[in-house]
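# Remarks on the overall topology
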Amino acid sequence: MDGSSLARAAWKRALAPDPPLSVASWADRHRILSSVASAEPGRWSTARTPYLREVMEALSPSSPIERVVLMAGAQVGKTECGLNWVGFVIHHAPGPMLLVEPSLETTKRVSRQRLDALIEATPELAERVKDPRSRDSGNTLLMKEFPGGVLILTGANSAVGLRSMPVRYLFLDEVDAYPGDVQGEGDPVELAMQRTVTFRRRKIYLCSTPTLKGLSRTKTFSLPATSPMTSAACSSPVRVSR
Ligand SMILES: Nc1ncnc2c1ncn2[C@@H]1O[C@H](COP(=O)(O)OP(=O)(O)O)[C@@H](O)[C@H]1O
Ligand SMILES: [Mg+2]
């Protein structure tokens, strides 16, 4: 190849858009599990939990899927999957995001133990989310600002938190442990989902370990289940639907 064609090839490469990155490939490339928050510290590997790939693909911008429901056993990576999505959003698809845990207490614990570990262990996130200890960081246990977006955290027992602001991304963790009614204002899942209605390209990730048969909220949301993974539900710990 001569000099000018080399230069032309380099120019073409520079102009080409980045390949669309999925949440799973982001996690494989960037996610480090810290010993503080993880049973198996070290690099994230989607191959280790292949059943989560479909969930993370659905949460990626290239997928038109709007709502992802994951009903699965405990300790299979449901929350990690959502944290990978949080990392991806901060790094590559910033926008307003809301993360809901069953109560304010659990929210604070998840923020301190898992979200902070995610941010600290990932340089691309640490440079975007300012250290809460620095002055004017704008960051607290329940709010993380980053260029182009903000992550708000709240508990399903806080009506004020669920009414906070419009969000494009909504992560509802362990929904079967949410109260049926939040401070007389109705179903916390419905309340949180209301936050997303103004966004045309919204995404909602709802996950839980199911509790009582017939009373499981995840089960209600996951019907009608359409994913091929659903048919494998008996042999797999995961049940996915959109
Ligand atoms: N693909 C993976 N690679 C390494 N560790 C994983 C993976 N998926 C899950 N884990 C680990 O499994 C444990 C349980 O994950 P978690 O998301 O808390 O489960 P769940 O929310 O389903 O109860 C955590 O310690 C997590 O770091
Ligand atoms: Mg969990």
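Structure's up top.
First, a word on scope: everything that follows refers to the structure included in this document. By convention here, each chain's residues receive numbers from 1 onward along its written sequence. Chains carry letters from A onward and ligands carry numbers from 1 onward, assigned in written order. Restriction of local features to residues with pLDDT of at least 70 applies here, the model being predicted, together with a cutoff of 80 or more for giving and counting side-chain atom pairs; totals for whole chains, interfaces and linings are based on all residues.

### Remarks on the site of ligand 1
Lining the immediate surroundings of ligand 1 are 16 residues, of which Ser 38, Gly 77, Lys 78, Thr 79 and Glu 80 lie closest. With three residues, the single largest contributor to the shell around ligand 1 is helix H4 (residues 78–92). Residue polarity is assigned by list, with Asp, Glu, Lys and Arg as charged and Ala, Val, Leu, Ile, Met, Phe, Trp, Tyr, Cys and Pro as nonpolar; anything else, Gly included, falls into the polar class. Tallied by class, residues from the shell around ligand 1 come to five nonpolar, seven polar and four charged. Using a C-beta atom placed from the backbone, a residue is described as near a molecule or strand when that atom lies within 6 Å of it. In this text, helices come from DSSP runs of H or I with a minimum length of four residues, and strands from runs of E with a minimum of two, each type numbered from the N-terminal end.

### Details of helix H2 (residues 23–30)
Once C-beta atoms are placed from the backbone, each residue is buried if 20 or more other C-beta atoms lie within 10 Å of its own, exposed if 12 or fewer, and partly exposed for counts between those two. Within H2, the full set of buried residues consists of Val 23, Ala 24, Trp 26, Ala 27 and His 30. Within H2, the buried residues cover an arc of 160 degrees as seen down the axis, which keeps them to one side. C-beta atoms are placed from the backbone for every residue, and two residues are taken to be in contact when these atoms lie within 7 Å. Each element contacted by the buried residues of H2 is listed here: helix H3 (53–58), H4 and helix H6 (123–126). It is the directions from the helix axis to the C-beta atoms whose arc is reported.

### Overview of unusual backbone geometry
A positive phi is found at Gln 75, a non-glycine position, where the angle reads about 65 degrees. If you trace the backbone, Gln 75 turns up in the loop between strand S3 (67–72) and H4. The exposure class assigned to Gln 75 is exposed, which follows from the 11 C-beta atoms found within 10 Å. Positive phi values are uncommon outside glycine, yet Glu 174 reaches one of about 50 degrees.

### Let's talk about the pairing of strand S4 (residues 96–101)
Of all six residues in S4, six are buried, a share of seventy percent or more. Side chains Pro 96, Leu 98 and Val 100 of S4 all project onto a buried face; the interleaved residues Met 97, Leu 99 and Glu 101 project onto the opposite face, where all are buried too. The pairing of S4 with strand S7 (residues 169–173) spans four bridges and is parallel. Counted as the bridge partner of Leu 98 is Leu 170 from S7. Strands qualify as paired when DSSP identifies two bridges or more between them.

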